[in-house]
Amino acid sequence: FHGFVNSFPTRYLERITKFYVIFHFGCLISGAVALLALTHPKNEASYVFTHVESNTGWSPVGFSFMFGCLSVRWTMTDYDATAHICEEMKRPAVIAPWAISLAMAFTYGIGFLYNIVLAFCMGDPALIMNETQPVASIYYNSLGKGGGIFFTVAMFVVMNFVGISSLQACSRTMWSQARDGLYPYIGKKYLYRVHKRFQ
């Protein structure tokens, strides 16, 4: 599916990406507001900002903290995708740096705030960590079945959009490497070809 979507002409991919950005931020903000409004009781601020719990066996506890950050890190890795599609942009010297800078600022800022909301609304961490999908369980416990299903499906849609944009960046990278002769035979014959109709 991701490969099929990435075979669309660039103008359609641009529209899909714009929709994805709006949809993604809409889901994050509405999800955070819904959790904050409907979760009772919430964890205390002292718990959210000062409590550290290490159940992994890593010592010192700083290692547990850093490894815990890996689970959210993957959502903060695709902001450089703009650099891979510079050849398809108008005025890339201006647009690309702005796009990367804004993506980093929004991703880190909103992602950090969203994780704070989850920490306030998660309830007992022992119960949440026993669930197969902890974040979906937070929504289910706070918003009920309908809200839990809605936001879980929204997360699934967002993850697919991330996959589409990641594949878009990777395919453009491989194309430019094939153009520069990195893949001697297969590159020139298969990877460097540009479809006449779809470009």
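Relevant structure appears above.
Since the structure is predicted, the reported quantities are computational estimates derived from the model, not experimental observations.

Calculation criteria
Residues numbered from 1 in each chain as written. Predicted model: local features only at pLDDT ≥ 70, side-chain atom pairs only at ≥ 80, totals over all residues. Heavy atoms only, no water. Helix = DSSP H or I, 4+ residues; strand = E, 2+ residues; numbered from the N terminus. Rg over C-alpha atoms; globule rule 2.2 N^0.38 Å. Buried < 20%, exposed > 50% of the residue type's maximum accessible area, 1.4 Å probe, protein only. Contact = heavy atoms within 4.5 Å. Areas by Shrake-Rupley, 256 points an atom, 1.4 Å probe, with all protein chains shown as cover. Lys, Arg positive; Asp, Glu negative; His and termini not counted. Charge placed at Lys NZ, Arg CZ, Asp CG, Glu CD. Polar contact = N/O pair within 3.5 Å; in protein donor to acceptor, adjacent residues only side chain to side chain. Expected span 1.5 Å × (residues − 1). Axes fitted to C-alpha atoms, helices over the stretch in contact; angles between N-to-C directions. Parallel < 35°, antiparallel > 145°, perpendicular 65-115°, else oblique. Left-handed = near helix turned anticlockwise from the far one by under 90°. Nonpolar A, V, L, I, M, F, W, Y, C, P; charged D, E, K, R; others polar. Salt bridge = Lys/Arg side-chain N within 4 Å of Asp/Glu carboxyl O.

Looking now at the overall build of the protein. Counting its secondary structure elements, the protein contains nine helices and zero strands. Of the regular secondary structure in the protein, the N- to C-terminal order runs α-α-α-α-α-α-α-α-α. At 21 Å, the protein has a C-alpha radius of gyration far larger than the 16 Å of a compact globule built from 199 residues. In terms of principal-axis extent, the alpha carbons of the protein reach across some 60 × 40 × 35 Å. The burial tally for the protein puts 26% of its 199 residues in the buried class. The contacts in the protein between residues at least 6 apart in sequence include a share of 61% that link residues at least 24 apart. In the form shown here, the protein has an accessible surface area of approximately 13500 Å², with 69% of it arising from carbon and sulfur atoms. Placing the 15 positive and 10 negative side-chain charges of the protein at their respective mean positions leaves the two points 18 Å apart.

Further remarks concern the environment of Y114. Tracing the backbone shows Y114 in helix α6 (residues 92-121). Look at Y114 and you get buried, because its relative accessible area is 13%. If near-sequence neighbours (up to four positions away) are discounted, Y114 is found in contact with L28, A32, V135 and Y139. Separated by 2.8 Å, the side chains of Y114 and Y139 make a polar contact.

Attention now goes to the side chain of S137. Mapped onto the fold, S137 is located in helix α8 (residues 134-179). The residues touching S137, leaving out its near neighbours within four places in the chain, are I128 and E131.

Right, let's talk about α6 for a bit. In this model α6 runs 42 Å from its N-terminal to its C-terminal C-alpha over 30 residues, within 8% of the 44 Å that 1.5 Å per residue would give. Where α6 is concerned, the buried positions are A96, G111, Y114, I116, V117, L118, A119, F120 and C121. Following α6 by one or two positions, G123 adopts a phi angle in the positive range, close to 75°.

For the rest of this paragraph, the subject is the packing of α6 against α8. Close contact between α6 and α8 brings their axes to 10 Å; oriented N to C, the two are set at 55°. Relative to α8, the element α6 lies oblique. Between α6 and α8 lies a crossing of left-handed hand. For the pair α6 and α8, contact is made by Y114, L118 and C121 and by V135, I138, Y139 and S142, respectively. In terms of residue class, the contact of α6 with α8 is made up of six nonpolar, one polar and no charged.

Attention now moves to the pattern of salt bridges. With the rule as written, the count across this model stands at two salt bridges. A salt bridge links E14 to K18, with the nearest nitrogen and oxygen atoms 3.3 Å apart. Here E14 pairs with K18, and both are found in helix α2 (residues 10-38), just four residues apart, close to one helical turn. Owing to a relative accessible area of 45%, E14 belongs among the partly exposed residues under this scheme. Among the salt bridges present, the one from R179 reaches D180, with a minimum N-O distance of 3.1 Å.

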